[in-house]
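These are the residues of each chain, in order.
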Amino acid sequence: MHSRVLMVCWRRKLFFLGTSLLFLLALWFWGFLYTTHITEEGGKIVSVRELMLGSTHGRHESLLQRLGFHDRHEDVAIPHGIATHGEQVSAQFEVDEGGVKFVKPTPSGLRPAKGMFVDRRHDWDVIMQDRMDEGKLGSQQLNAKAQRHISDEMRIAAERQSHYEHELKRMGVPVIAGIGPGGRPPPAQRLVHFDLKGAPPKISYLRRLMPILKTLGATGILLEYEDMFPYGGSLAPLAARNAYNRDEILELLKTAFALGITVIPLVQTFGHLEYALKLKEFAHLREVEDSPQALCPSYNSSIAFVEELLTQVIEYHMPATNANLLHKEDIERLTPKLTHIHIGCDEVYRLAECPRCRHWLKDQLFLDHVYNVATIVRRRWPHLRIIIWDDMLRHMALDTLQASGIGKLVEPMIWVYAEDIYKFVQSATWEKYASVFSTAWAASAFKGAHGEGLLMPPIRRHLENTLRWLAVMQGEGNRFTHGLQGLALTGWQRYDHFAILCELLPAALPSLAVCLSTAAKGYFDVSAKTNPILSSLTCPEPTGEHHAWLELHKDSLMVMFSRCMFPGSMIYRFMLRLATLTAETEEYTDTIRQRRGWLTDYNIRHNFSSAARVDDLLGENYRLLNSVSNLARTAASTLTEVYDHWTYGEFIEQRIFPMLEELKRLERAGEGLKKRRVWSQRPLPYLKPFEVLGIDEKT
C-alpha cells in the first residue's frame, strides 16, 4: 500500500517535469519571435515585434507601416510620395491560412473585396525612392553640419593666427608665411656650432651651457676644433699654445653624453686650413705658395695628412677607443656613440692653380678630393655619416655631380646666413641636390655672420634667417628621399684664421636662445610663459601686458637681457657698456675730424688752431678717455670668467686699445695746439709728402 502511493507520486513528478519542459520550450519559441535586430537607421537595436507593430514610444515605424499598409481595422496614411494630388489613400491586409494577402489601396472609405490580390510593384518602387530621398536629405543635413563645424574651426584658426601675427609685429619679429603654431613639426636635429678657432671658451663654461642648450631644444653640437685640439705625433705643431688638453675635452664629451646631446666633430680637409698650412712644417702642402688657405689635392702627402687629422679626432671621440668616456658595461651597448663627421670643404678659393693641378677642371678636382676623403672615412669608420658644406657644389652641373659618386658618400649642409635664402640657393639647386643626394642638412647662424668686427649680434636678422630656413625646409624637404636631417645654428668666432674676433659667445647667448628655441618649436612662440627663453637664461618675468616681453624692432642691443643671470651675463653687460662707449667715441672722433674746424688732422699737422676752441673740444675727450680707461681696467677681471688671458688680452687689444690710442693722440695734439702763442702768415706751406705726388708748391 505504501509503495503504491510512492509510485503514484513519482509518476506525477514525471508528468509535472515533462509539462515544465514543454512550457519552457514554448517560452523559448516566443522569445525567438522577439529576437532583436539592428535596424538600418543609426544602428538602433529593436525587436521583431517592434518592427512588425511599431515602437510604443513612436520612435520607429512598424515593418508593415514602412511597406505602406495598416491593420485590418485601422486606416494608415501611406508614406509621402505615394498619394497623388493630395488624395488620402489607405491600404489593407488580411491574414488567411495562406499568409498575408495585400489589398489594393483605395481612396479613403473604399475597400476592395476580400481575397483580391493587388500588384504593388510600382508603389514599392515609389516607397524605396522616397526612402532614398530621405537618406539624401539626411546626408545633406549632416554635410551642412560638418561644413558648419569646419567653418567654425577655420574661423577659430584664422583668429588664432591673426592674434599670433599681431603679437609678432608688436615684438618686431618677422612674420613668415606658413610658420606658426599650426605649422609642420620642427627639424628633427638642432645642432649648435661651437667655433673654437677664435676666443675659445674655457671647457668649464661650455659644460655650464650644455643643460641650457638642452632645455632650449638642442639635440647636438657641431664642434669645430681647428688648432684647439691636442694633436700629437707628427701633427703636434698644429695645436695652439692654449689648446685644450685631452682631459678637458673628455669632461665636455661626458657632459654631452649624460644629457643625451650628440657631438659631431668638424675637421677641415680642403679649404680653411690656414692654421696648419701657415706653419713651415706643412707649407709644402699648399696649393699656392703665397696663400695657406687651401690644400693641394694632387700630393699623396696631402691625403696622408688629412687621414691623420681625421684619425686623431675621430678615434678620440669613439667610446671603444676612449674607455674613460663611458662605464665599461656601457661601451658595447652604446658603441658607436659618434655617428657623424663633418669634413668641411667650404670656400676653397685657391684651386687648380699649382703646376700639378692646373690641367684639371676645378669642379672635377674638387669632387675627386671629396670622394677620396669620404672613401677613407667609409673604409676605416663605415658607421660614420659624412657631412660637407655645400657652397662649392651650387654651381656644378647635375651630370657632373652624379658622375662623381659623392651622392652616396656625403650629405651636404646647405648654409645661407642672409634673410633671402632663395637668392643664394635657388629652387633649381634644390632640385639638383635632391637628384644627387638622398638627404641634406641646413645651416643658419646666430652670430658671426653680419660683420667681422661686431660686438653684439643683430638678433632680429638672425631670427629671421632661422624662420626663413624653417619655411624653406618645409617646402624643400619633401624633394629628398629621406628628407632633411636638421638645422645647424652656426656661431663663428672669426671669418677665417687671420681675421679679428667676431662677437663673443656670452654676448651672443641671447641670440642663440631666441634662434634655438624657435628652431626647436618650428616657429617663434609669442608667449613668455611657454617660450623657454626667459627661464633658460634666468631672466625676470615680464611685469605687464602693455609692453612686449621681447623687443626687436630696431635691432636694439637687447637691454632686457642685461637683467638676466645666465652664465656669462656679466660679459654680456660689459659688452653693452663697451658698445655704447665705442659708439660715443667714434661719433666724437668723427666729429672732430670731419665736422669741427679746430682739431682736425690739418690743424694738427700745421700746429695751427685756436686755443680756446681746442680747449672746448678737449672737454669731451677727457670724459671719454676716463670712461674707456676704466672699462679697460675691468675688462680682464670680467672676461676671465669665460676666457684665458691669451683670449681676453687679444680682445682688449682689438676692441679697447685703439680707442685709448686715438683719444690719447687727440689729447696730446690738443695740448700742443693750446701752447702756441704766435702763428705764421698765410698761406701755410705744403707738407713734404706732396712732393711724392709730384705737386710743386711753386706751381
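A quick note: this is a predicted structure, and the numbers were derived from the prediction, not measured.

A word on the pattern of salt bridges. Note on pairing: side chains with opposite charge can pair once their charged atoms come close. A complete count under the given rule lists 26 salt bridges for this structure. As a salt-bridge pair, D390 and R394 come within 2.8 Å of each other at their nearest N and O atoms. The exposure classification of D390 matches that of R394, with both residues buried. Here R665 makes a salt bridge to D601, at a shortest N to O gap of 3.5 Å. With a gap of 64 residues between them, R665 in helix α20 (residues 657-675) and D601 in helix α17 (residues 601-606) connect regions that are remote in the sequence. Overall, R665 belongs to the partly exposed group, its relative accessible area being 27%. Looking at D601, the relative accessible area reads 33%, which means it is partly exposed. Because the salt bridges share partners, they merge into one network encompassing R593, D601, E662 and R665.

The next point concerns unusual backbone geometry. P683 follows R682 through a cis peptide bond whose omega is -5°. One can find P683 in the loop between α20 and α21 (689-692). Not every positive phi belongs to a glycine, and T538 is a case in point at roughly 55°. Positionally, T538 belongs in the loop between α15 (533-536) and α16 (569-595). Its relative accessible area of 46% is what places T538 among the partly exposed residues.

What follows concerns the confidence of the model for the protein. When pLDDT is averaged along the protein, the result is 83; 74% of the residues meet or exceed 70. Across residues 32-121 the pLDDT falls below 50, and counting only partners more than four positions away or on other chains, this stretch makes 127 contacts in the model. The low-confidence segment residues 331-336 (pLDDT under 50) makes ten contacts with residues lying over four places distant or belonging to another chain.

With that settled, the discussion passes to the nonpolar core. Grouped together as the largest cluster of nonpolar side chains are 166 residues, with contacts concentrated most on F305, F366, F524, F561 and M575. Ignoring any residue separated from it by four or fewer positions in sequence, one finds F305 in contact with L235, L238, L273, A276, F282, L285 and L295. Core analysis: the second largest hydrophobic core is formed by 15 residues, I264, W389, M413 and A488 among them.

Rules used throughout
Residues numbered from 1 in each chain as written. Predicted model: local features only at pLDDT ≥ 70, side-chain atom pairs only at ≥ 80, totals over all residues. Heavy atoms only, no water. Salt bridge = Lys/Arg side-chain N within 4 Å of Asp/Glu carboxyl O. Buried < 20%, exposed > 50% of the residue type's maximum accessible area, 1.4 Å probe, protein only. Helix = DSSP H or I, 4+ residues; strand = E, 2+ residues; numbered from the N terminus. pLDDT = per-residue confidence, 0-100. Contact = heavy atoms within 4.5 Å. Core = buried A, V, L, I, M, F, W, Y, C linked by side-chain atoms within 4.5 Å.

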